Amino acid sequence: MELSVSLYRYNPEQDKFPYMKNYKVKKPEKDIMVLDLLNMLKEDDATISYRRSCREGVCGSDGMNINGKNGLACITPLSEVLKGNKLELRPLPGLPVIRDLIVDMTQFYEQYEKIKPFLQSDSEPPEQERLQSPQDRDKLDGLYECILCACCSTSCPSFWWNPDKFVGPAALLQAYRFLADTRDTKKQERLEELGDPFSVYRCHGIMNCVNVCPKGLNPNKAIGEIKSMLLTGSKEDKIKVVGLE
Amino acid sequence: MNKVINISKKNNIKEFDALIVGGGGSGMRTSLELAKSGLNTAVISKVFPTRSHTVSAQGGITCAIQSADPNDDWRWHMYDTVKGSDYIGDQDAIEYMCSEGPKAVYELEHMGLPFSRFENGRIYQRPFGGQSKDFGKGGQAARTCAAADRTGHALLHTLYQNNVKEGTNFLNEWFAVDLVKNSKNEITGVIAFSIESGEVCYLKAQATVLATGGAGRIYASTTNALINTGDGLGMTLRAGFPAQDMEMWQFHPTGIHGAGSLVTEGCRGEGGYLINADGERFMERYAPNAKDLAGRDVVARSMVMEILEGRGCGPEKDHVYLKLDHLGADVLNSKLPGICELSKTFAHVDPIKEPIPVVPTCHYMMGGTPTNIHGQAFSRNDGNDFMVSGLFSVGEAACVSVHGANRLGGNSLLDLVVFGRAAGKHINEELKSGGGVENASNEDIELAMSRLNKLNESESGYEVADVKKQLQTCMQNYFGVFRRGEFMEKGVKELEEIREKSENLYLKDKSIAFNTNRVEALELQNLLEVAEATAISAMMRDESRGAHARDDFPERDDENWLCHSLYDPVEKKLGKRDVNFVPKEVEAFPPKMRSY
Ligand SMILES: Cc1cc2nc3c(=O)[nH]c(=O)nc-3n(C[C@H](O)[C@H](O)[C@H](O)COP(=O)(O)OP(=O)(O)OC[C@H]3O[C@@H](n4cnc5c(N)ncnc54)[C@H](O)[C@@H]3O)c2cc1C
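Here the structure is a predicted model, which means the values were calculated and not measured.

**Student:** So what exactly am I meant to see when it comes to the overall build of chain B here?
**Tutor:** Along the backbone of chain B there are 16 helices and 22 strands. Relative to the 2.2 N^0.38 estimate, which gives 25 Å for 596 residues, the radius of gyration of chain B is 23 Å and therefore close to what a compact globule would have. With the C-alpha coordinates of chain B rotated into their principal frame, the extents come out at 70 × 50 × 50 Å. A buried classification covers 68% of the 596 residues belonging to chain B.

**Student:** Which parts of the structure should I look at to understand the site of the ligand?
**Tutor:** Residue and element names in this part refer to chain B. Taken together, 38 residues sit near the ligand, with Ser 52, His 53, Thr 54, Glu 396 and Leu 413 positioned nearest. A distance of 3.3 Å is found between an oxygen atom of the ligand and a backbone nitrogen or oxygen belonging to Ala 211. Backbone polar atom of Leu 413 to an oxygen atom of the ligand: 2.7 Å apart, as the coordinates give it. In the complex, 99% of the free accessible area of the ligand, which totals 1,000 Å², lies under the protein chains. Of the residues forming the shell around the ligand, the biggest block, four residues, is contributed by helix H11 (residues 411-432). Looking at the shell around the ligand residue by residue, the classes come out as 12 nonpolar, 22 polar and four charged.

**Student:** When you look at the pattern of salt bridges in this model, what are you seeing that I'm missing?
**Tutor:** Side chains carrying opposite charge are able to pair once their charged atoms draw close together. All told, the structure shown has 68 salt bridges over all chains when counted by the stated rule. A salt bridge links Arg 9 of chain A to Asp 45 of chain A; the shortest N-O distance between them is 3.3 Å. In this pair, Arg 9 of chain A sits in strand E1 (residues 2-9) while Asp 45 of chain A sits in the loop between helix H1 (34-44) and strand E3 (63-66), placing the two residues 36 residues apart along the sequence. When its relative accessible area of 5% is taken as the criterion, Arg 9 of chain A is described as buried. Note that Arg 268 of chain B and Glu 265 of chain B form a salt bridge whose closest N and O atoms lie 4.0 Å from each other. Residue Glu 265 of chain B is classed as buried on the basis of its relative accessible area of 1%. Here the salt bridges do not stand alone but share partners, grouping Asp 86, Asp 245, Glu 247, Asp 297, Arg 301, Arg 541, Glu 543, Arg 545, Arg 556, Asp 558 and Arg 594 of chain B into one network.

**Student:** Sorry, what's going on with helix H10 (residues 337-347) of chain B here?
**Tutor:** Residues that lie three or four places apart on an α-helix share one face, since the helix turns once every 3.6 residues. Residue and element names in this part refer to chain B. Burial analysis of H10 places eight of its 11 residues in the buried class, the great majority of the element. Three or more residues of H10 are buried, namely Pro 337, Gly 338, Ile 339, Cys 340, Leu 342, Ser 343, Phe 346 and Ala 347. On its buried side, H10 packs onto strand E11 (249-256), helix H6 (266-269), helix H9 (328-335) and strand E14 (356-365). After H10 finishes, the residue His 348 shows a positive phi value of roughly 55°.

Conventions and cut-offs
Sequence order as written defines the numbering, with residues in each chain counted from 1. Here chains are named by letter from A upward and ligands by number from 1 upward, in the order in which they appear as written. It should be noted that, the model being predicted, local features are given only for residues of pLDDT at least 70 and side-chain atom pairs only at 80 or more, the latter also being counted only at that level, while totals for whole chains, interfaces and linings use all residues. Hydrogens and water are ignored here; the side-chain numbers use all heavy atoms of the structure. Secondary structure is summarised from DSSP: a helix means a run of H or I of at least four residues, a strand means a run of E of at least two, and numbering begins at the N terminus for each. Atoms counted for the radius of gyration: C-alpha only. Globule rule: 2.2 Å times the number of residues to the power 0.38. Exposed residues in this analysis have more than 50% of their type's maximum accessible area, buried residues have under 20%, and partly exposed residues fall in between, with area computed by a 1.4 Å probe over protein chains only. Throughout, near means a residue has at least one heavy atom within 4 Å of the molecule or strand. Polar contacts here mean pairs of N or O atoms no more than 3.5 Å apart (in protein, one a potential hydrogen donor and the other a potential acceptor; neighbouring residues in sequence count only if both atoms are side-chain atoms). Only the protein chains shown count as covering a residue, and every accessible area follows the Shrake-Rupley method with a 1.4 Å probe. Residue polarity is assigned by list, with Asp, Glu, Lys and Arg as charged and Ala, Val, Leu, Ile, Met, Phe, Trp, Tyr, Cys and Pro as nonpolar; anything else, Gly included, falls into the polar class. Put simply, a salt bridge is a Lys or Arg side-chain nitrogen that is within 4 Å of an Asp or Glu carboxyl oxygen. Residue contacts are defined here by distance: any two heavy atoms, one from each residue, within 4.5 Å place the two residues in contact.

Next comes the structure, spelled out in structure tokens:
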């Protein structure tokens, strides 16, 4: 049986416009990952371009639009996405395309940097580690695991419209990762920087982010938490460090 | 793509005080130290830094922080590491790593690394292979600090975040091609190009740090990322500098059969164990005390023995099982969530219910560019070490050497942060006290451009994908877990042919923007350099030690081989270099029979 793979192609030096190119390949006997298939195609046509690195879903390089849904090529088995025998691969939507499946992630990273994605603490660090109870540490689960693949933000209509002003689900998930960390003491300042009409409030709960996250994370929930912190005026007691320090 | 850069054009030269090639854990720990120093520092990385391979590290970072056991002692960690190295790890470097380790780990925590925690709020530590209390006499220790089974992810992201905080300069998706070496044999920077725009530059620096990671892709089956192609080592070997202990490759016991993805040793640390086709926990036979937590080399060989003797699992009897279901869903979900995900995806197995099919898989390069504890690279002249001015190396690319013939789990992440930090501090001091290198001439720069130019001008030749496959198959067949002289000789011959091809590749795609074909061709040439160094070193070391196991020389031979091997890429010969047995504070651990 044959697979029909339709690939988004664009080389800025040759092509005025992007186009879809069809490739026919023998359907592999084993169920392979989309990335394996791309690697097979590339062996025949070395010009096909995409990012990849870990090939096991932890580095976040190979986010792409697979039969209409964003995902990581390396952990998406063909069996899960084939429509009939058809596969359509496009770059992540909403970001400028550099070449083929490779998008320019600058805007995405800029939003990430904007939320100050690092621990800030007023207190001098102790000799040893800061203490944190396992219960407080648990609050970071579902947040710190983000791999910055951009599958979520590039599936979000609010991010498409305002990529410069709406922080987007990925970076907001990280914003909440630091708000939720009992070791961070800049909650007030963090919230103030998110309080404008765009940064957080452009999220309309469309939930695409949750549906596509290859790590099973829930940016929508994190955004909800930020909104409620903003509403309650970030009352220090609500988010206060009930820690061990 | 500009064929030859015109170096008189200022815009094709970018100048820095310190240039770090590699944005993994070791590179970003070095840059963090330098970012605070006021020196003009840049990190170049062929992938966005958080896509570096450090992100895949799972089980943790080993260090005697006395959390699981208040009586733990860095000297015990040192003893274990020396023993694990099969006595060819340098004891001054191991001492430095184990004693400085706690500081480096606490710093990571202060930076925000989300370590898992014990009830008392301290950092969680789990048992890993080869760990003991009281110099091997007190039973299994629990010394590996973990963030669930995503420690590398947590560590790499934390380091990136703190580099963002300190305003480090990043040249992301830039590819370093070759070192620029001046007439005094000093390193003055690298030739590199922006993968996105194709712009070729001479990145000039007073200190060049190679933090380019491992090269597991020389083997057909590996736990390593596709980008682990040993580029830094390729560059130093081409520049004529030696590589140390290149025969020492770690095969990790538990790569997922068929896929190569790793399941962490932490699985066995949490209580999982290996079984053969008869359901027998066979490690009890091979390592009665440590059992499944013996050194990785020991466990990997035992697995291969089981398979060779017909007790392998599956229709082909070509793997064994890692049993975890007895740990229960709670432990698996809280301590090993990533493993559950990976094994469902790649082995179609839910470890809560069924065992995972595993097989020893190429994992870690113990060898690399020889350095001292400040990251300064060494070369050899008439049997004497001399420092290569301007050149540094840290992380998996370097061989400082703390891992010797066999690395203990969790010691690599520690190596990255301890020696990244140390190199950063040293470079800062050296450059501020007036150290540096002289300029390179135009000819020197042209020479460093020549490989790239040749590839760009190629009109016919061999296909990258074909040659890569040949190379990986050759290494897999002849330089695996067990090695034998006659086979290795065959392998070395094959590599000669593969070198011929790899030097005559045809770059089909000559386009400028994001040309991954060009990158892969350059990477292949680096793989070849590393493979050849590995093959010749392995063939010459006629003994068995640590990860280097020879059928034809099954014994360790301390009389002749209690030393580092030093591969000379110019002569393609193997020399020997003394192991350091002079730690500063403790007495040296003398070589003993190694049993677990
Ligand atoms: C699956 C897996 C799990 C592991 N788990 C553990 C663990 O639990 N504990 C532990 O201690 N160790 C573990 N290890 C080992 C450890 O992760 C690695 O040894 C370590 O992360 C290597 O770090 P590094 O900084 O040296 O290199 P890397 O993280 O590999 O980074 C290399 C960097 O160099 C850059 N680079 C390379 N070539 C070029 C070039 N030509 N031009 C520009 N940039 C370049 C890359 O872009 C990258 O940024 C594990 C390894 C694997 C494979």
